[in-house]
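Structure at a glance
Spelled out, the chains give:
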Amino acid sequence: MTQIANGVAGIDVAKDKVDGCIRKLGVRQTFPSSSLGHRQLVALLRKHKVTKVVMEASGGYEREWAKALREAGIEVRIVDPKRVRSFALSAGRLAKNDTIDAEMIAWFAETFDEAPSQTYDAAREELAGLVKARKNLMDLKTRLQNQNEHVVPDWRRRPIPRC
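Residues numbered from 1 in each chain as written. Predicted model: local features only at pLDDT ≥ 70, side-chain atom pairs only at ≥ 80, totals over all residues. Heavy atoms only, no water.

Things to note about a nonpolar patch on the surface
A surface patch of nonpolar side chains, about 300 Å² in accessible area, is lined by L127, L130 and V131. With respect to the helices and strands, V131 occurs in helix α5 (residues 122–147). (Patch = residues over 30% accessible without salt bridge, like charges linked within 9 Å, V, L, I, M, F, W, Y side chains within 5 Å. Areas by Shrake-Rupley, 256 points an atom, 1.4 Å probe, with all protein chains shown as cover. Salt bridge = Lys/Arg side-chain N within 4 Å of Asp/Glu carboxyl O. Helix = DSSP H or I, 4+ residues; strand = E, 2+ residues; numbered from the N terminus.)

What to know about the sheet that holds strand β3 (residues 27–32)
Picture the strands of a sheet paired through backbone hydrogen bonds; they go either parallel or antiparallel. Within the open sheet, the five strands sit side by side as β3-β2-β1-β4-β5. Their pairing is mixed. Each edge of the open sheet carries a strand with a single partner, namely β3 and β5 (75–79). Geometrically, the sheet is characterised by an average inter-axis angle of 25 degrees between neighbouring strands, direction not taken into account. In this sheet, β3 lies alongside strand β2 (residues 17–22) in antiparallel orientation, the contact comprising six bridges. Residue pairing across strands places V18 opposite F31, the latter belonging to β3. Strands β1 (7–13), β2, β3 and β4 (50–56) of the sheet are contacted by helix α1 (residues 35–47), whose axis makes an angle of about 160 degrees with β3. (Pairing = 2+ DSSP bridges. Axes fitted to C-alpha atoms, helices over the stretch in contact; angles between N-to-C directions. Contact = heavy atoms within 4.5 Å.)

Quick notes on the nonpolar core
Grouped together as the largest cluster of nonpolar side chains are 21 residues, with contacts concentrated most on I11, L45, V53, M55 and L69. For this core, the elements supplying multiple residues, two or more each, are β1, β2, β3, α1, β4 and α2 (62–71). In terms of residue count, the dominant contributor to this core is α1 (four residues). Setting aside chain neighbours within four positions, we find V53 in contact with A9, I11, L45, L69, I74, E75, V76 and R77. V8, V79, A88 and I105 belong to the second-largest nonpolar core, a separate cluster that totals 10 residues. (Core = buried A, V, L, I, M, F, W, Y, C linked by side-chain atoms within 4.5 Å. Buried < 20%, exposed > 50% of the residue type's maximum accessible area, 1.4 Å probe, protein only.)

Describing the pairing of β5
Bridge count for β4 against β5 is five bridges, and the pairing is parallel. Bridge pairing in β5 links V53 to V76. You can see the chain leave β4, run along α2 and come back into β5, and the turn it takes is right-handed. (Right-handed = clockwise from strand over helix to strand, strands pointing away.)

Re the packing of aromatic side chains
Scanning the entire structure with this criterion turns up four aromatic pairs. The interplanar angle of 80 degrees and the centroid separation of 5.7 Å between the aromatic rings of F87 and F108 together place this pair among those described as edge-to-face. Highlighted residues: F87 in helix α3 (residues 81–91) and F108 in helix α4 (residues 98–111), separated in sequence by 21 residues. Each member of the pair, F87 together with F108, is buried. With centroids separated by 5.0 Å and ring planes inclined at 50 degrees, the aromatic side chains of F108 and F112 adopt a geometry described as tilted. An aromatic cluster of three or more residues is present, and its members are F87, W107, F108 and F112. (Phe/Tyr/Trp six-rings, centres within 6.5 Å; stacked < 30°, edge-to-face > 60°.)

So, the confidence of the model for the protein chain
Regions with low pLDDT carry predicted coordinates that are not meant to be interpreted in detail. The pLDDT averaged across the protein chain works out to 83; a share of 83% of its residues lies at or above 70. Ranking the elements of the protein chain by mean pLDDT puts helix α6 (residues 154–157) last with 66 and α1 first with 92. With pLDDT under 50 throughout, residues 1–5 is counted as low confidence; its partners more than four residues away or in other chains account for 11 contacts. (pLDDT = per-residue confidence, 0-100.)

Description of unusual backbone geometry
Even without a glycine there, the phi angle at K49 is positive, about 55 degrees. Relative to the elements of secondary structure, K49 occurs in the loop between α1 and β4. Looking at K49, the relative accessible area reads 45%, which means it is partly exposed.

Listed below in structure tokens is the structure:
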């Protein structure tokens, strides 16, 4: 296998695993969502001199992977899944299979390599987490208030004694 400098890899992130693809080399591998999986993925990427990884935003599962890759000095780009899906549709390769998805993400990354991506900002990510937590608490508060809105108080349930 030849090694390429400044290679790009596509990663399809799921809850308990990721599928990685270095398309130019035909390398495809699955890694568990664990610290061991993170180390294995980083080792594979370093072995093949991959400097950029592209993955879809997938409900937050991508955050730990992105963090591990950034800590290893690998550039991470998180893209909108709709763009990758449209790209796959236009290429006639639309299939719901993790290995194919990883390959399509890699192909998308190679094709749109120069497209601007949002820079990583740890403070912004932390703030987004806090805002999400507050929203969840406010939603819970509203649900609890609505749940108790039509409950009759205990003192109203007891019969009123006649004099």
